[in-house]
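# Breakdown of the fold
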Amino acid sequence: MGIVSPGFHGRPRGREVELPPGQYLVEDFPVLSAGPTPRVPLDRWEFSVTTESGTTHRWSWPELMALPSERMTVDLHCVTRWSKLRTRWQGVSLDTLLAGVETAADFVLADSYGGYTTNLPLQDLRNGQAWIAYGYDGKDLSAEHGGPARLLVPHLYLWKSAKWVRGLRLLTRDEPGFWESAGYHDYGDPWREQRYQGD
Ligand SMILES: Nc1nc2c(c(=O)[nH]1)N[C@H]1C(S)=C(S)[C@@H](COP(=O)(O)O)O[C@H]1N2
Ligand SMILES: [Mo]
């Protein structure tokens, strides 16, 4: 997978346009968590996808590790205005996980260990745009950044990338998650500066 960030497609290459409007560059990796960091032992960890008809597909940790993984370099954009460019990750593409899932749903509510939720259109998880990421910068993803595994959807503001992800609910109707219920934008495209409802 890409050495070039999905966010670059169709944009000029100049350094000055690497940042979406209203963002500034950071070199460190800030931690933003709405609550305590959940610690889930790997032998009890599971990731699930539940369809609109109630069918649940489950992966244990060894099952996730057995799937083909990708290494990707992507830019991160937080709605609190920091951006971190060219971060290096490893994980399983949602295309791989969704390949055997039969669904007609258009929406997803991602659930995390600890109770965090965030919603997004199912099509934003397809076609090489999203991963269940478990490696960061050549190491296991740390707990503070969402380890053992987090959703990574870098083309949307980073609140959509649910840390400690536990499962996806596929829904026929859009349902707001934690920040979306608190006034943040339903979709959250950083290039269109969709920070809050009405943007
Ligand atoms: N489970 C969970 N996922 C979460 C959050 C959270 O509080 N809980 N915060 C979100 C927000 S607002 C941001 S900016 C990023 C921060 O990721 P980081 O702490 O790895 O920088 O995680 C997102 N995913
Ligand atoms: Mo954020």
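Residues numbered from 1 in each chain as written. Chains lettered and ligands numbered in written order. Predicted model: local features only at pLDDT ≥ 70, side-chain atom pairs only at ≥ 80, totals over all residues. Heavy atoms only, no water.

### Structural notes on the site of ligand 1
- By nearness alone, 19 residues border ligand 1, and Pro30, Ala34, His145, Arg150 and Lys163 come closest of all.
- A distance of 2.9 Å separates an oxygen atom of ligand 1 from a polar backbone atom of Leu32.
- When ligand 1 is considered free in solution it has 540 Å² of accessible area, and contact with the protein chains removes 96% of it.
- Judged by the fraction of its atoms near the pocket grid, ligand 1 is located in the largest pocket.
- Classifying every residue of the shell around ligand 1 gives 13 nonpolar, four polar and two charged. (Near = heavy atom within 4 Å. Polar contact = N/O pair within 3.5 Å; in protein donor to acceptor, adjacent residues only side chain to side chain. Areas by Shrake-Rupley, 256 points an atom, 1.4 Å probe, with all protein chains shown as cover. 1 Å grid on protein atoms, 1.4 Å probe; cavity = no way out; pocket = protein on both sides within 12 Å on 5 of 7 lines; lining within 4 Å. Sits in = over half its atoms within 2 Å of the grid points. Nonpolar A, V, L, I, M, F, W, Y, C, P; charged D, E, K, R; others polar.)

### A word on the sheet that holds strand E6 (residues 107–112)
- Taking strand neighbours across the sheet as the criterion, the five strands line up as E3-E2-E11-E6-E7 in an open arrangement whose pairing is mixed. Sheet topology places strand E3 (56–60) and strand E7 (117–121) at the edges, where each strand pairs with a single neighbour. Each neighbouring strand pair of the sheet contributes to a mean axis angle of 15 degrees, computed without reference to strand direction.
- Judged from the five bridges that link them, E6 and E7 form a sheet pairing that is antiparallel. (Pairing = 2+ DSSP bridges. Helix = DSSP H or I, 4+ residues; strand = E, 2+ residues; numbered from the N terminus. Axes fitted to C-alpha atoms, helices over the stretch in contact; angles between N-to-C directions.)

### What about unusual backbone geometry?
- Residues Gly147 and Pro148 are joined by a peptide bond in cis, for which omega reads 15 degrees.
- Its place among the elements puts Pro148 in the loop between strand E9 (139–140) and strand E10 (150–152).
- Of note, Asn127 is a non-glycine position whose phi angle comes to about 60 degrees, a positive value.
- Residue Asn127 is classed as exposed on the basis of its relative accessible area of 67%. (Buried < 20%, exposed > 50% of the residue type's maximum accessible area, 1.4 Å probe, protein only.)

That's the geometry; what it means functionally is another story.
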